[in-house]
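As a plain string of letters, each chain reads:
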Amino acid sequence: MFPADAETGERRGRIELPASGLAADILALADAAAVPATAPTRPAPADALPVPAEPAPRAHNISFFAAPVREERKAAEATEHLATFFLASEEYGVDVRVVQEIIRVTEITQVPRAPDFIKGVINLRGRIIPVIDLKRKLGLGEVALARQARIVVVKIRERLLGLLVDGASQVLKVPVSSIEAAPEEVTEVDATAVRGVAKLPGRLIILMDLGRTLSLELRDQEGEAE
Amino acid sequence: MSDFQASPELLAIYLEDARQHLEALDHCLLTLEREGTDPEAVTAVLGPLHTLKGNSGMIGFAGIKDYVHRIEDVFARVQEGALALDREAFDRLFAGATALRDAIEQASREGREVRSLAAEDADLQRMCMSEAAPLSEAAPAAASVALPMSVASASAVSPAPAGPRPSRIESHYTARSSVVRVEFAQLDHLLNLVGELIIHRTKLQELGRALAEMPGAREAARDLLSAVHQVAGVSQQLQETVMDVRMLPIRHVFERFPRLVRDLARETGKEIELILEGEGTRIDKAIIDEIGEPLVHLIRNSVDHGIEPPALRVTNGKTPTGTILLSATQESNHVVITIMDDGAGIDAGTVRRKAVERGLLKADDALSDRDVVQLIFSQGFSTREAITGVSGRGVGLDVVLKSIERLNGLVEVETVPGVGTKFIIQLPLTLAIISALLVDVTDRTYAIPLGSVVESIQLRGAEVHTINGRETLRIRERIVPLLRLARLFGLPEKEQAEREYAVIIGRGDKRVGVVVNRLRGQQEVVIKALDPAVSGAEVAMAGATIMGDGRVVLILDVASLFDGKRLATLHGRRPPALEA
Amino acid sequence: MLRKILAVDDSALIHQMYKLFLSRYKNCKLVSAMNGLEALDKLGQEEGIDLILLDINMPVMNGLEFLQRIQKEPAYQTIPVIIISTEGKEEDTIRGLKMGAKGYVKKPFQASELHGLIEKITTA
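Residues numbered from 1 in each chain as written. Chains lettered and ligands numbered in written order. Predicted model: local features only at pLDDT ≥ 70, side-chain atom pairs only at ≥ 80, totals over all residues. Heavy atoms only, no water.

Let's talk about the overall build of chain B
Right, on to step 1. When helices and strands are tallied, chain B shows 21 helices and 18 strands.
Right, on to step 2. For chain B, the accessible surface area stands at approximately 27800 Å², while carbon and sulfur atoms represent 52% of it. (Helix = DSSP H or I, 4+ residues; strand = E, 2+ residues; numbered from the N terminus. Areas by Shrake-Rupley, 256 points an atom, 1.4 Å probe, with all protein chains shown as cover.)

Concerning the overall build of chain A
Right, on to step 1. Tallying secondary structure elements over chain A gives 5 helices and 12 strands in all.
Right, on to step 2. Considering only residue pairs separated by 6 or more positions, chain A has 56% of its internal contacts joining residues 24 or more positions apart.
Right, on to step 3. When the accessible surface of chain A is split by element, carbon and sulfur atoms take 52% of a total near 12800 Å². (Contact = heavy atoms within 4.5 Å.)

What about the sheet that holds strand E9 (residues 444-449) of chain B?
All names here are of chain B.
Right, on to step 1. Ordered by their spatial adjacency, 5 strands build an open sheet running E16-E8-E9-E18-E17, and the pairing between neighbours is mixed. The sheet is open, and its two edges are formed by strand E16 (518-526) and strand E17 (541-546), each paired on a single side. Taking the axes of each pair of neighbouring strands and ignoring which way they run, one obtains an average angle of 35° across the sheet.
Right, on to step 2. Across 6 bridges, the pairing between strand E8 (residues 433-441) and E9 is antiparallel. For Asp-440, the partnering residue across the bridge sits in E9 and is Thr-445. (Pairing = 2+ DSSP bridges. Axes fitted to C-alpha atoms, helices over the stretch in contact; angles between N-to-C directions.)

Looking at the pattern of salt bridges
Right, on to step 1. All chains considered together, the criterion is met by 42 salt bridges over all chains.
Right, on to step 2. We note a salt bridge from Arg159(A) to Asp531(B), for which the minimum N-O separation is 2.7 Å. Taken together, the residues Arg159(A) in strand E8 (residues 159-165) and Asp531(B) in the loop between E16 and helix H20 (532-535) connect one chain to another. The exposure classification of Arg159(A) matches that of Asp531(B), with both residues buried.
Right, on to step 3. In this structure, the salt-bridge partner of Lys285(B) is Asp289(B), at a minimum N-O distance of 2.9 Å. With a gap of 4 residues between them, Lys285(B) and Asp289(B) both fall in helix H13 (residues 285-306), about one helical turn apart.
Right, on to step 4. Look at the salt bridges and you will find they share partners, linking Asp26(B), Glu33(B), Asp91(B), Arg101(B), Arg259(B), Arg262(B), Asp263(B) and Arg266(B) into a network. (Salt bridge = Lys/Arg side-chain N within 4 Å of Asp/Glu carboxyl O. Buried < 20%, exposed > 50% of the residue type's maximum accessible area, 1.4 Å probe, protein only.)

Details of helix H1 (residues 8-35) of chain B
Residue and element names in this part refer to chain B.
Right, on to step 1. Taking 1.5 Å per residue as the helical rise, H1 with its 28 residues ought to reach 40 Å, and the 40 Å between its terminal C-alpha atoms agrees with that figure.
Right, on to step 2. Along H1, 20 of the 28 residues are buried, which leaves the element largely enclosed by surrounding structure.
Right, on to step 3. Trailing H1 by a residue or two, Gly-36 shows a phi angle of about 85°, which is positive. (Expected span 1.5 Å × (residues − 1).)

Some details on the pairing of strand E18 (residues 552-556) of chain B
All names here are of chain B.
Right, on to step 1. Here E18 lies mainly inside the structure; 5 of its 5 residues are buried.
Right, on to step 2. Here E18 shows two buried faces, one formed by Val-552, Leu-554 and Leu-556 and the other by Val-553 and Ile-555.
Right, on to step 3. Here E9 pairs with E18 via 2 bridges, running parallel. By the bridge assignment for E18, Tyr-446 is matched with Leu-554.
Right, on to step 4. Relative to E18, E17 runs antiparallel, the two sharing 5 bridges. Looking at the pairing, Gly-543 lines up with Ile-555 of E18.

What about the confidence of the model for chain A?
All names here are of chain A.
Right, on to step 1. Mean pLDDT for chain A: 71, with 62% of residues reaching 70 or above.
Right, on to step 2. Confidence drops under pLDDT 50 across residues 1-13; counting only partners more than four residues distant or on other chains, this segment forms 30 contacts.
Right, on to step 3. In this model, residues 220-226 is a region of pLDDT below 50 whose contacts with residues beyond four sequence positions or in other chains number 4 contacts. (pLDDT = per-residue confidence, 0-100.)

A closer look at the nonpolar core
For soluble globular proteins, nonpolar side chains are generally found buried alongside one another.
Right, on to step 1. Ile64(B), Phe75(B) and Leu100(B) are the most contacted members of the largest nonpolar core, which totals 67 residues.
Right, on to step 2. With 11 residues, H1(B) is the largest single contributor of residues to this core.
Right, on to step 3. Setting aside residues up to four positions removed in sequence, Leu100(B) forms contacts with Leu22(B), Leu25(B), Leu52(B), Ile64(B), Tyr67(B), Val68(B), Ile71(B) and Leu117(B).
Right, on to step 4. By size, the runner-up hydrophobic cluster in this structure holds 58 residues, among which are Ala83(A), Val99(A), Ile448(B) and Leu561(B). (Core = buried A, V, L, I, M, F, W, Y, C linked by side-chain atoms within 4.5 Å.)

Considerations on the packing of H1(B) against helix H3 (residues 62-80) of chain B
Residue and element names in this part refer to chain B.
Right, on to step 1. Across the interface, H1 lies against H3 with an axial gap of 14 Å and an inter-helix angle of 25°. Between H1 and H3, the angle is such that the two are roughly parallel. The crossing of H1 and H3 is left-handed. Two secondary-structure elements touch here, H1 through Tyr-14, Leu-25, Cys-28, Leu-29 and Leu-32 and H3 through Ile-64, Ile-71 and Phe-75. (Parallel < 35°, antiparallel > 145°, perpendicular 65-115°, else oblique. Left-handed = near helix turned anticlockwise from the far one by under 90°.)

Some remarks on the packing of H1(B) against helix H2 (residues 39-59) of chain B
All names here are of chain B.
Right, on to step 1. Where H1 contacts H2, the two axes come as close as 9 Å, and the packing angle between them is 155°. In terms of orientation, H1 lies roughly antiparallel with respect to H2. Handedness of the H1/H2 crossing: left-handed. Taking contact as the criterion, the partners of Leu-10, Leu-11, Tyr-14, Asp-17, Ala-18, His-21, Leu-22, Ala-24, Leu-25, Cys-28, Thr-31 and Leu-32 in H1 are, on H2, Ala-41, Val-42, Val-45, Pro-48, Leu-49, Thr-51, Leu-52, Asn-55, Ser-56 and Ile-59.

A closer look at unusual backbone geometry
Glycine aside, negative phi is the norm for most residues, and most peptide bonds take the trans geometry.
Right, on to step 1. Cis peptide bonds are those with omega within 30 degrees of zero, and the linkage from Lys107(C) to Pro108(C) qualifies with -5°.
Right, on to step 2. With respect to the element layout, Pro108(C) can be found in the loop between strand E5 (103-106) and helix H5 (111-123).
Right, on to step 3. Backbone geometry at Arg476(B) places phi at a positive 50°, although glycine is not the residue there.
Right, on to step 4. Tracing the backbone through its elements, the reader meets Arg476(B) in the loop between strand E12 (470-475) and strand E13 (478-484).
Right, on to step 5. On the accessibility criterion, Arg476(B) (61% relative accessible area) is exposed.
Right, on to step 6. In the Ramachandran plot, Val60(C) falls in the positive-phi region, its phi being about 70° despite a non-glycine side chain.
Right, on to step 7. By relative accessible area, Val60(C) is classed as partly exposed at 44%.

Some points on the packing of aromatic side chains
Right, on to step 1. This model, assessed by the stated rule, comprises 7 aromatic pairs over all chains.
Right, on to step 2. Ring geometry for Phe254(B) versus Phe257(B): centroids 6.3 Å apart, planes at 40°, classification tilted. For the pair Phe254(B) and Phe257(B), one class covers both residues: buried.
Right, on to step 3. Taking the centre distance of 6.2 Å and the plane angle of 75° together, the rings of Phe377(B) and Phe423(B) count as edge-to-face. Placement of the pair is Phe377(B) in the loop between helix H16 (369-373) and helix H17 (383-388) and Phe423(B) in strand E7 (residues 420-428), with a sequence separation of 46 residues. Assigned by exposure class, Phe377(B) and Phe423(B) land together as buried.
Right, on to step 4. Of the aromatic side chains, those joined through ring pairs into one cluster are Tyr18(C), Phe21(C) and Phe109(C).
Right, on to step 5. Across from the ring centre of Phe117(A), 4.3 Å away, lies the NZ or CZ of Lys137(A), which sits over that ring. (Phe/Tyr/Trp six-rings, centres within 6.5 Å; stacked < 30°, edge-to-face > 60°. Lys NZ or Arg CZ within 6 Å of the ring centre and 35° of its normal.)

Considerations on the environment of Glu113(C)
Right, on to step 1. With respect to the secondary-structure elements, Glu113(C) resides in helix H5.
Right, on to step 2. Within the local environment of Glu113(C), its side chain forms a polar contact with the side chain of Ser20(A), the two groups lying 3.0 Å apart. (Polar contact = N/O pair within 3.5 Å; in protein donor to acceptor, adjacent residues only side chain to side chain.)

Here we look at the sheet that holds strand E3 (residues 90-95) of chain A
Residues and elements named next belong to chain A.
Right, on to step 1. The 6 strands are arranged E9-E2-E3-E12-E11-E10 in an open sheet whose pairing can be described as mixed. Each edge of the open sheet is held by one strand with a lone partner, namely strand E9 (167-175) and strand E10 (179-180).
Right, on to step 2. As judged from the 2 bridges shared by E10 and strand E11 (residues 194-200), these two strands associate in the antiparallel manner. Looking at the pairing, Glu-180 lines up with Val-197 of E11.

Shown next as structure tokens:
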């Protein structure tokens, strides 16, 4: 069995190799520099093998490699992917990536003496998640448990929360160019929760910053004052 | 520098890996310090260091990588016999290991290097360059000097039956592919799935029974029920197996303690021997994750206030080296962990005096010495001056009590002044499943952990006395305060309920009775955690469980029921206007 | 066309990084082993391994011994091997190259470095 390290003597006087290399190149140079590969004695101190000058090959050589990922990313930046829902007659949008699913309203178990915007908890396939009445949270009244009401299940920082809304709308991509900062007249909602407005033909989607809206709920346990 | 950004997942893997290597480093240092330059111990640590170096480089932490390389250098020299380690060298190496751990933890949290290790690096470099005495003269630190810490028997530290080499390092190296690393979250998920399986199986059973009622379907029903019975058997085994997989030996918690005791002993100038027993005792991982901190507090307590300085010990006829025994055993369905020291013990008189001072006790209260001592766990009762009159880095034992209770456990203390102190912690084997008593409050069902239930009795109006505005019940010789859960929860109270029940809940020797409308029976339930957003509610719930029909039932947090002041306010408060 | 790559390293972190770095090769399966012995097992189990990324310093069986063994097997000796070298172990790397490894890359390496080398070796 080969010993994994055959170091004897000083560590400083070792061979220096470039960051990477092909056997053919390195061995040719190694032979030329007369560096014994298996000899137990240490090699001549600080023998530096010249760095091969070639840079990594360019894109034209990647016939069987996947196309570089960079281009795809650029295209994606031009749109925002949203999931939208209704609170009263206004349409709100959140980043679709935080939305795990949208479900009909199931039996909500109340939690005694919870803040008024916490409607309760539900059983989501074996996991217990809190349901927040988004209208109460935003001071817009209360979500009626009508047939169209839905629970938008979002995942933020590894936590699952359910948002009770009046109705679900759709998932869509909006071009970034259609997004502007929210004008004050648009909504009575606390301005910090709204990060902008998407203007589409015949429709206005209020973009919500869930992190801000739910900042109290998302706060770490340790931060809670007694 | 690297063309990628280390994701949180990568950082988590790096950190977990690094922690193992750092443990190996600690172990090696402890062994070398104790037994002298053991060439095998040194070789055993070079591997982990090498991997740690490579990993740190790959993830982009160049400073850490260079420092690990420096430590490798030190050990390489030790191996060659070119460097001898004396007591001071060990101190520096231990300090260096701590600095490295800090740097790694911070860097992993932030995703980039935060703390510079330049000073420590220079320190080790100086150490390497100093003249090395020939090996034979560099007696192992153990030989001539009284060691501040030593592990009594090899078997206490390593599970291997013989030999001084800690097999913890070996097991890191065995790396057989018969072992699989699993994320704990996966095990939780498995448990959830098993839980759901049980729910569906119950439904099938009910269907089978309903079918049996229908004429002509009886035979089919019988077959169905028989098949469901098989499913029940398998799902039961599945549940037990998953629970079993979650159980880990408590060694995982214990193994940091030799190092901790060594450091604390050095700091306080005391001589302490730590003996570990029963490290193979298995306990649910969820508990292992939480029990470490309380144990650290208790050990610190023993070192700070228990064990006396060597000179004092000798004066009192004791050996100069104090002993702390940390042991774990399993008893029926608990794990019992004890921390015992042969130190100064706790003086009941001092505790009594301090308790009276703090208003926890009345001067003429006839509490036995043994019960008085339990008061050290009371809130606001700092053990600092209370026990020894010496102000030191005391730790709040009330915090320890809370942590242990959160795990559905108990803690007690036994002590003999001048002889020693023993803390006894009792923990359930698993957090995930408990026996619960289901009750109805108004029309809603809640669960009360059965372990806290002393008894339940039917309430007859006549027996309830109101004292100082609070309803109480007389049970045998005790007066037990009552809490009406409907009022506490802000639910409409049933007018003239035909029957009411009081469930008497105990904590230590305190009692409280909660008034409910129905007792629905006992059941094993799987506890599910509640999101912190919900646990912020004013009435504390310990968790929730899912019934056979998919309903969610909240589980009462028993400890919070004893928080008198807070509850009195809620209890007296009118319920908010209820929706239609 | 790379169908299967065998990565041999005793660090879970490195395997995770390989997953990241090699994700650009669509339809390529990444097989992992934690030491030389496991790697030999995997070679036996998985058909069609096109490339081996080999760490040297591993427990149970190190990279050089693994390399020595596969060089003796006609079925395996044609599979190109890239040695993942570390600072201080250059002699081992050179030894490995002499034993037939096609190239090496030094830790810490960047994704582009690895890709460049893989390309050079597999198009040769």
